[in-house]
Number of protein chains: 4
Amino acid sequence: MIKIGIIGAGRIGKVHAEGITNGVKKACVYAIADPFMNDTQREWARGLGIEHICTDYHEILNDPEVDAVMICSSTNTHADISIEAIAAGKHVFCEKPISQDLAKIKEVMNALEGRNLKYQVGFNRRFDHNFEAVREAIVSGKIGDLHMLHVTARDPEAPPLEYVRVSGGMFLDMTIHDFDMVRFLSGSDVVEVYAAGAALVNPKIADEGDIDTAIITLKLANGAIAVIDNSRQAAYGYDQRAEAFGSKGQIAVGNDTVSTAVLSNADGVTAEKPLYFFLERYMASFIKEVNCFVEAIIEDKPVPVDIKSGLAPILIAKAAKKSLDENRPVALSEIKF
Amino acid sequence: MIKIGIIGAGRIGKVHAEGITNGVKKACVYAIADPFMNDTQREWARGLGIEHICTDYHEILNDPEVDAVMICSSTNTHADISIEAIAAGKHVFCEKPISQDLAKIKEVMNALEGRNLKYQVGFNRRFDHNFEAVREAIVSGKIGDLHMLHVTARDPEAPPLEYVRVSGGMFLDMTIHDFDMVRFLSGSDVVEVYAAGAALVNPKIADEGDIDTAIITLKLANGAIAVIDNSRQAAYGYDQRAEAFGSKGQIAVGNDTVSTAVLSNADGVTAEKPLYFFLERYMASFIKEVNCFVEAIIEDKPVPVDIKSGLAPILIAKAAKKSLDENRPVALSEIKF
Amino acid sequence: MIKIGIIGAGRIGKVHAEGITNGVKKACVYAIADPFMNDTQREWARGLGIEHICTDYHEILNDPEVDAVMICSSTNTHADISIEAIAAGKHVFCEKPISQDLAKIKEVMNALEGRNLKYQVGFNRRFDHNFEAVREAIVSGKIGDLHMLHVTARDPEAPPLEYVRVSGGMFLDMTIHDFDMVRFLSGSDVVEVYAAGAALVNPKIADEGDIDTAIITLKLANGAIAVIDNSRQAAYGYDQRAEAFGSKGQIAVGNDTVSTAVLSNADGVTAEKPLYFFLERYMASFIKEVNCFVEAIIEDKPVPVDIKSGLAPILIAKAAKKSLDENRPVALSEIKF
Amino acid sequence: MIKIGIIGAGRIGKVHAEGITNGVKKACVYAIADPFMNDTQREWARGLGIEHICTDYHEILNDPEVDAVMICSSTNTHADISIEAIAAGKHVFCEKPISQDLAKIKEVMNALEGRNLKYQVGFNRRFDHNFEAVREAIVSGKIGDLHMLHVTARDPEAPPLEYVRVSGGMFLDMTIHDFDMVRFLSGSDVVEVYAAGAALVNPKIADEGDIDTAIITLKLANGAIAVIDNSRQAAYGYDQRAEAFGSKGQIAVGNDTVSTAVLSNADGVTAEKPLYFFLERYMASFIKEVNCFVEAIIEDKPVPVDIKSGLAPILIAKAAKKSLDENRPVALSEIKF
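The structure reproduced in this document is the subject of the present report.

Definitions and cut-offs
Residues numbered from 1 in each chain as written. Chains lettered and ligands numbered in written order. Predicted model: local features only at pLDDT ≥ 70, side-chain atom pairs only at ≥ 80, totals over all residues. Heavy atoms only, no water. Contact = heavy atoms within 4.5 Å. Buried area = accessible area lost by both parts, 1.4 Å probe. Salt bridge = Lys/Arg side-chain N within 4 Å of Asp/Glu carboxyl O. Polar contact = N/O pair within 3.5 Å; in protein donor to acceptor, adjacent residues only side chain to side chain. Helix = DSSP H or I, 4+ residues; strand = E, 2+ residues; numbered from the N terminus. Axes fitted to C-alpha atoms, helices over the stretch in contact; angles between N-to-C directions. Parallel < 35°, antiparallel > 145°, perpendicular 65-115°, else oblique. Nonpolar A, V, L, I, M, F, W, Y, C, P; charged D, E, K, R; others polar. Least-squares fit on C-alpha atoms with pLDDT ≥ 70 in both. Pairing = 2+ DSSP bridges. Buried < 20%, exposed > 50% of the residue type's maximum accessible area, 1.4 Å probe, protein only. Right-handed = clockwise from strand over helix to strand, strands pointing away.

**Comments concerning the interface of chain A and chain B**
Taken together, the contact pairs twelve residues of chain A with twelve residues of chain B. Note on chain A versus chain B: buried area summed over both sides is about 920 Å², and carbon and sulfur give 61% of it. For chain A, the biggest contributors to the area lost against chain B are Tyr-236, Val-269 and Lys-273 of chain A; these three give 40% of the whole. At the boundary of chain A and chain B, one finds zero salt bridges. In this structure, the connection of chain A to chain B is made through five residue pairs in polar contact (both at pLDDT 80 or more). Elements that contribute at least two residues to the side of chain A that touches chain B include exactly strand E13 (262–265) and strand E14 (268–271) of chain A. Among the elements that make up the side of chain A that touches chain B, the one with the highest residue count is E14 of chain A (four residues).

In structure tokens, the structure reads:
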């Protein structure tokens, strides 16, 4: 039984605490820390059977009973807590992104050097049933050699401007998942990026120097071409699709819905909208990624999303931003790490 | 070039005249007769290049240039005109049903005896792309031995009560196509029928001694069981589906639409309603059935829907009516011919 | 926290034990009993944190800590254990069917009389996301007045002949769920049944006096007509669909799949087969029905599937069998209770 | 009755001759010319009722009976014959592209100046039922302001290298339709293009200086971003889709098939592949575009695809080629005309 300490009891921390309790058989949530831990949260945590509830995550790091920590705090703390946790000899599951600052990521990499510790990054969509099916079709040769890859990711609602301001920009905040998807599905590195983008959903986002709509073309090391389509706001909800085209055929995945119900009436033949947002859509994948992390610890095997895989989408995001700013294709080799 | 005379310039007569002109290369509409031929109709007929336009169909029967006639007049005249046309040595394409009166059908059969003439009945749905695909899957063994067969047929609007009164009842008027579909798709005769029905769309239809909604179970000679689902009025339009289930799988066909467009918005994910009614839905099949009739004449081979195939659905309709009246399964052997 | 004792540690007992542990927050599995409890089962039970593991279910009935029992033993013991549990003052969740013997069901009803105890029957499909969507569309008036209802239920594999012999017949064993679905979805009682059936999957099933294929027509108290389509073996897997047609439209639900993946290649455009069988397909519904049972206890409100709702499908099954044997529609009033 | 002379009796000339004969009521094919007219072609033409069959198209241009000509000859002759036809006072329907040479197109434009003649270019996809549905949804405001537009166009088989050599390159030969679709669907001009492409289907195509796979990003004058996805060879056939995303929703169209048949068996749930190629897929649009051309002549109103609309996709194709060659986004203003 792997004893996990969760650092951060916000939305994603709670998702993981509940996911582990209900769905990860070989682990338990031994402790949880949050500087703003209030009574409601304490009650919720006790309800899940979590023994140790604290405000200072150092209590978790210092507790020799804790095998692994999950870093679910705000993005700007991920790297530093990672380094402390590694120093304390804990396995680490770090929510994405590791950092917006490449130097910080390098520090975490250095800290990991020579340590026999697992470090997994929270790219949960790799563990989603639909995207797994695309990956499986590619790996098994069902579509032959990959020629083109489409990733469509649109959110149901644009975030508030306050969030936009601190988000690091759409590419680092939202598209980062899609950059990871391109790498995961294709099994290939990205060599060049061209991004076209605009603030079409909300022009005030442009005032913040950001965009809310983008078409991003990526040239891959294996010769294939990928394209990502992003919008911060789709009127019909959370649109999460992928399509991989190869020499022998195509594999495509669509959206999940609450039910398969189709209503036929005078207005047409209407199926349901996609599941509302990432909590509804990706819950199973949050549980599955932690199961894999726990398996990697127990069986001492590589984690499925290591720190290099955590770094790569950040580099692509930076290349995409440079491409958008300079209106030209940008090689990944231009982004220094 | 087969010269065809069309008897009856109502809706279906016009459909055939236009279908032959535009889509039947080896035939032409040489003449058309209708007792109520008016100026508009004459102009329409001339526009199609029809040379002979008359009010008395005997002109067509007496014209030695005419190779074949298509009987598109009112149902109660089908049999008598058939007999006259056979006597005149014409090949006959007769719209369905041949007659509501079994004795009349026997007379037509007798008239055909010993004559080297083609006689085809207008069960056009056999020539529809979707139902042909179901038939092909069954014939080719794709679904193995047939176990169950579903035919769904729902009209977009209930007919006026005046029509209901003279229609011969829903089974003879509407379900007759589905009885034919069951025989065509299964390749088997029907041995017993059980009909459950009610007037749920319009209770006044019950006052006329008819129904507008039915579930009809048919036991087939090959051991399979079929079920027909009928409604005189589907709010979403003309619903024409079939599903055949066998030992190796299932083949199902759905509705045709104007386009494949799917609109996703705050209300859901909406595809189009089915094509409005039989003219829109089955136009290609009307042309195809006549092409087959013309081929049968030219190559002196059997017609695809002969008089026995035209009779069978009428016998099933009579068994279904008896079943409904007596609330019990009725064997086809109970219907004397 | 409702303390539940599970009687029977076979397939369905295990499903409930795991479902409660992972998904029913207000209850726990306090005890489990099975006369054939072996070491593997004990280890599994301990892994779930079940404190009391025994071979004699009377230990559970006699334990004052136990609030409720779930009867997951073999069908022929359901009624007697129900009566004992009621006598012991326990709330009861009884797997379907309560009994194949109507007199036994009456005894359970009598035992319940005057006792303030909850008694729920395990018709889990009422709690399925797809069928809930159909029910919701009907209740909310989306399809207007109900005219016709289709329930399609086909298993992926025919059971072994040994099972067929003791199953009580396909109607009591398999169709019973569909009889319940007809009542649940329509919100109406059944007044008459006509069953057409045959052993088409495996003729040896006919030698056992049973069938494996059926089309069953049901006339409902509200005037609508329902039809159930059953096969013991669909080559493409577990086919679980429903379609409700009314004056304003239709609501239809299809099968669930592992993913939404669609592969397009030289062979066609291929989506996945349905989820394999009832454990894969209906797991969420097993958890949801127990949550409702627990809520009913805690809030002292009616259970969603009471003993009368548990009895009704059995009466319909008996009418269907009589219809099949006598080849005539059978009124529910003919089945004496 | 508009009398049309068809110049060129190759594949597309035949398509139009048959389409007009069967589906364009207000026009007839009065004459057809082809320098390589052989006996089979003559017999085919006579079968359609074409009176004048010749080898020299000047006979058509000189015949005062001819109202309009359709230029279906090889691409390199389109412009010169256009100019001759205009001089002869004929309305012109010219197959796409007008010319690969911009100077030639200018000559045609000059020839048209001051003449009261119709000049339509054969961008038939604008008349396709699916793409019309997308356009209609956008025009009617169903999806709000357009943000993103996807056009997917993949051929079933790569052309032979001999064809590739003289095709003018994939952008001018194949993508030209998609460039037109982007303009037609969006109702907007293109201001900048970025093309990523490679020869992934057949590396020998690269030896010819061409590509067979491309992702092309287009910035539109209305602020929206479009992306075209092309492959010369899709294993599952002719893939012709579009998806338009806006502030209020999305409209998407998929492929047409021979039937709606879906086969469910042990291999999965399989629908049909798309209609094979452009003749099967777009036949109705070929007829519709000529009907519109004929209406424009009769009612003296603007043609739906005028010479400027015929020019625009050629300019975009040239910008796309420049983008591919120089690996940078190219503004349309860089292409001099």
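Next, the rest of the story.
**As for the packing of helix H4 (residues 78–87) of chain A against helix H5 (residues 102–112) of chain A**
Angle between the axes and distance between the axes are the two parameters that describe a pair of packed helices. Residues and elements named next belong to chain A. One way to put it is that H4 packs onto H5 with a least axis distance of 9 Å and a crossing angle of 10°. Judged by the angle between their axes, H4 and H5 are roughly parallel. Residues Ala-79, Asp-80, Ser-82, Ile-83 and Ile-86 of H4 form the contact with H5, whose participating residues are Lys-104, Glu-107, Val-108, Ala-111 and Leu-112. The residue makeup of the contact of H4 with H5, split by class, is six nonpolar, one polar and three charged.

**Quick look at the relation of the copies chain D and chain A**
With an RMSD of 0.0 Å, the fit of chain D onto chain A corresponds to turning through 180° and sliding 0.0 Å along the axis. One copy is carried onto the other by what is essentially a two-fold rotation axis. Using C-alpha coordinates, one finds that chain D approaches the rotation axis most closely at Arg-328 of chain D, a distance of 2.8 Å. Of the residues that chain D buries at the interface, 100% are likewise interface residues in chain A, meaning the two copies contact each other through the same surface.

**Re the sheet that holds strand E1 (residues 2–7) of chain C**
All names here are of chain C. Taken together, the six strands give an open sheet; going across it, the order is E3-E2-E1-E4-E5-E6, and neighbouring strands pair in parallel fashion. Among the strands making up the open sheet, the edge pair consists of strand E3 (52–54) and strand E6 (119–121). Each strand of the sheet is rotated relative to its neighbour by a mean of 20°, with strand direction disregarded. Across four bridges, the pairing between E1 and strand E4 (residues 68–71) is parallel. Its bridge partner being in E4, Ile-4 is matched across the sheet by Ala-68. On top of the sheet, helix H4 (residues 78–87) reaches E1, E4, strand E5 (91–94) and E6; it is set at about 165° to E5, its chief contact.

**Brief notes about the pairing of strand E4 (residues 68–71) of chain D**
Residue and element names in this part refer to chain D. The side-chain alternation of E4 yields two buried faces, one formed by Ala-68 and Met-70 and the other by Val-69 and Ile-71. Direction of pairing for E4 relative to strand E5 (residues 91–94): parallel, over a ladder of four bridges. Each residue of the ladder has a partner; that of Met-70, found in E5, is Phe-93. What joins E4 to E5 is helix H4 (residues 78–87), and the crossover it makes is right-handed.

**A few points about the packing of helix H6 (residues 129–139) of chain D against helix H8 (residues 170–186) of chain D**
All names here are of chain D. In the contact formed by H6 and H8, the axes pass within 8 Å of each other and the chain directions differ by 35°. Of the residues in H8, those touching H6 at Phe-131, Val-134, Arg-135 and Ile-138 are Met-181, Phe-184, Leu-185 and Ser-186. Broken down by class, the residue content of the contact of H6 with H8 amounts to six nonpolar, one polar and one charged.

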